[in-house]
Amino acid sequence: MSTLIVVGFKKDMYRASSVLNRLLEMNYDWVIDLHDAVAVYRDYSGKLRVDQSYQLTTGEGAAVGVD
């Protein structure tokens, strides 16, 4: 069974990427069983950025919609 976990951070655009990197380290060390993870944040210009734990081909990844 898969579990979806969502964590939000305020006022620190680098925190999500930092946590993603730590999760990848834990997955490598077999501490957790990570299937996929993303860090989504806005850069200083307001542009939406997505860092993925795996590079997926078109049609395999999830879409992020923003209004």
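Cut-offs applied
- Residues numbered from 1 in each chain as written.
- Predicted model: local features only at pLDDT ≥ 70, side-chain atom pairs only at ≥ 80, totals over all residues.
- Heavy atoms only, no water.
- Helix = DSSP H or I, 4+ residues; strand = E, 2+ residues; numbered from the N terminus.
- Buried < 20%, exposed > 50% of the residue type's maximum accessible area, 1.4 Å probe, protein only.
- Expected span 1.5 Å × (residues − 1).
- Arc of directions from axis to C-beta.
- Contact = heavy atoms within 4.5 Å.
- Salt bridge = Lys/Arg side-chain N within 4 Å of Asp/Glu carboxyl O.
- Pairing = 2+ DSSP bridges.
- Polar contact = N/O pair within 3.5 Å; in protein donor to acceptor, adjacent residues only side chain to side chain.

## Considering the overall build of the chain
Check the secondary structure of the chain and you find one helix and two strands. In the chain, the order of α-helices and β-strands from amino to carboxyl end is α-β-β. Taken over 67 residues, the chain has a buried fraction of 16%.

## Considering helix H1 (residues 15-28)
Compared with an ideal rise of 1.5 Å per residue, which puts 14 residues at 20 Å, H1 spans 20 Å between its outermost C-alpha atoms and is within 8% of the ideal. Among all positions of H1, only Ala-16, Ser-17, Leu-20 and Asn-27 are buried. Down the axis of H1, the buried side of the element spans an arc of 95°, and every buried residue falls inside it. Where H1 is buried, its residues contact strand E1 (38-42) and strand E2 (48-52). Trp-30 lies just past H1 and shows a positive phi near 65°.

## Notes on the pattern of salt bridges
Tallying each qualifying case throughout the model produces two salt bridges. Between Asp-43 and Arg-49 there is a salt bridge whose closest N-O contact spans 3.1 Å. Exposure remark for Asp-43: the relative accessible area of 17% places this residue in the buried category. Exposure remark for Arg-49: the relative accessible area of 34% places this residue in the partly exposed category.

## Details of the pairing of E1
Of the two faces of E1, only one is covered, namely that formed by Ala-39 and Tyr-41; the face formed by Val-38, Val-40 and Arg-42 stays uncovered. Where E1 lies against E2, five bridges are found, and the strand directions are antiparallel. Bridge pairing links Val-40 to Val-50 in E2. Counting the residues in the hairpin turn of E1 and E2 gives five residues, including Gly-46, whose phi is positive at 90°.

## A few points about the side chain of Asp-43
On the secondary structure map, Asp-43 appears in the loop between E1 and E2. Within the structure, the side chain of Asp-43 is placed 2.8 Å from the backbone nitrogen of Lys-47, a separation counted as a polar contact.

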